[in-house]
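Remarks on the overall topology
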Amino acid sequence: MDDCCEPDGYDGVFSNRFARRAATRYRRRGLSRSARAIVGFLTEQGIEDATVLEIGGGVGEIQVELLRHGVRHATNLEISTNYEAEAAQLLEGAGLQGRVERRLLDIAQQPDDVEAADVVVLHRVVCCYPDYEKLLGAAAGKAGRLLVFSHPPRNGVTRALLWWENFWRRRKGDPFRSFAHPPAAMLNVLGQAGLRATYRWRGVGWRVVGLER
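What you see is a predicted model, and the numbers here were worked out from it, not measured in a lab.

1. Digging into the overall build of the protein chain
- When you go through the protein chain residue by residue, the secondary structure sums to eight helices and seven strands.
- The globule rule puts the C-alpha radius of gyration for 213 residues at 17 Å, and the 16 Å found for the protein chain is close to it.
- Expressed as lengths along the three principal axes of its C-alpha atoms, the size of the protein chain is roughly 50 × 40 × 35 Å.
- Long-range contacts, defined here as pairs at least 24 residues apart, represent 72% of the contacts in the protein chain between residues at least 6 apart.
- In the form shown here, the protein chain has an accessible surface area of approximately 10200 Å², with 46% of it arising from carbon and sulfur atoms.
- Seen as two clouds, the 30 positive and the 26 negative side-chain charges of the protein chain have centres 8 Å apart.

2. Focus: the packing of aromatic side chains
- The final tally for this structure, using the stated rule, is two aromatic pairs.
- Here the aromatic rings of phenylalanine 18 and tyrosine 83 are separated by 6.5 Å at their centres, their planes lie at 75 degrees, and the arrangement is edge-to-face. Of this pair, phenylalanine 18 sits in helix 2 (residues 16-29) while tyrosine 83 sits in the loop between strand 2 (73-78) and helix 5 (84-94), and the two are 65 residues apart along the sequence.
- A relative accessible area of 4% means that tyrosine 83 is categorised as buried.

3. A few points about the pairing of strand 4 (residues 117-122)
- In terms of burial, strand 4 is a largely internal element, five of the six residues being buried.
- Bridge count between strand 1 (residues 51-55) and strand 4: three bridges; the pairing is parallel. Counted as the bridge partner of valine 52 is valine 119 from strand 4.
- Traced from strand 4 through helix 6 (residues 132-140) to strand 5 (residues 143-151), the parallel crossover comes out right-handed.

4. A short note on the packing of helix 3 (residues 33-45) against helix 4 (residues 61-68)
- Running from amino to carboxyl end, helix 3 crosses helix 4 at an angle of 30 degrees, the nearest separation of the two axes being 10 Å. Taken together, the axes of helix 3 and helix 4 lie roughly parallel to each other. As helix 3 runs across helix 4, the sense of the crossing is right-handed. Across the interface between the two elements, Ala35, Ile38, Val39 and Leu42 of helix 3 pack against Ile62, Glu65 and Leu66 of helix 4.
- Classifying every residue of the contact of helix 3 with helix 4 by side-chain character gives six nonpolar, no polar and one charged.

5. Observations concerning the nonpolar core
- Judged by nonpolar contacts, the single largest core of 36 residues is most densely connected at Leu42 and Leu66.
- Sorting the residues of this core by element identifies helix 2, helix 3, helix 4, helix 5, strand 4 and strand 5 as the ones contributing at least two each.
- Considering each element in turn, this core owes the most residues, six residues, to helix 3.

Calculation notes
Residues numbered from 1 in each chain as written. Predicted model: local features only at pLDDT ≥ 70, side-chain atom pairs only at ≥ 80, totals over all residues. Heavy atoms only, no water. Helix = DSSP H or I, 4+ residues; strand = E, 2+ residues; numbered from the N terminus. Rg over C-alpha atoms; globule rule 2.2 N^0.38 Å. Contact = heavy atoms within 4.5 Å. Areas by Shrake-Rupley, 256 points an atom, 1.4 Å probe, with all protein chains shown as cover. Lys, Arg positive; Asp, Glu negative; His and termini not counted. Charge placed at Lys NZ, Arg CZ, Asp CG, Glu CD. Phe/Tyr/Trp six-rings, centres within 6.5 Å; stacked < 30°, edge-to-face > 60°. Buried < 20%, exposed > 50% of the residue type's maximum accessible area, 1.4 Å probe, protein only. Pairing = 2+ DSSP bridges. Right-handed = clockwise from strand over helix to strand, strands pointing away. Axes fitted to C-alpha atoms, helices over the stretch in contact; angles between N-to-C directions. Parallel < 35°, antiparallel > 145°, perpendicular 65-115°, else oblique. Left-handed = near helix turned anticlockwise from the far one by under 90°. Nonpolar A, V, L, I, M, F, W, Y, C, P; charged D, E, K, R; others polar. Core = buried A, V, L, I, M, F, W, Y, C linked by side-chain atoms within 4.5 Å.

Note that every value here comes from positions in space, so none of it alone points to a role or purpose.
As structure tokens, this is what we get:
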């Protein structure tokens, strides 16, 4: 759960060092299990020549894999600048320069500044945002065909761990916060936007839900 936060303090947590570690881990081990579940769901739906909008894609490893599977173009939105150097190196190493646009923008606050895409991805992002309704509502409004997101399970163990983590960060004056939002409520927001859940994956620390319009 240590890679979830609220927007206040995002730069401090998702630092240059954090980005380097994420890129190195991807080069050595490939995608995480939850990220593989996301890519698997999307490729099964058929994404050749599709456009992708990833909100909070970090160094962009999911985008690299989707581009290799036939996606035409991807856009990445961040609220931190610390990922850019590592993301550029990953794209260059994969020979995919020019096929990803990276922007510094909070879609929940500026939805009108973002163009729609065939596919919207939010991996380990909803837990980073206190207002999940606003974030998911904005994301759903940009999804032409598919949306897939991950979230931590909302059970006793997870909630206790997050409470303890947030308690100590508060004591230290650190604005970083983690959230385990109610899964049913999140799906309700997306359902009201015309999206229907057709895929679910359960891991130890993460859940993945895929939705179709």
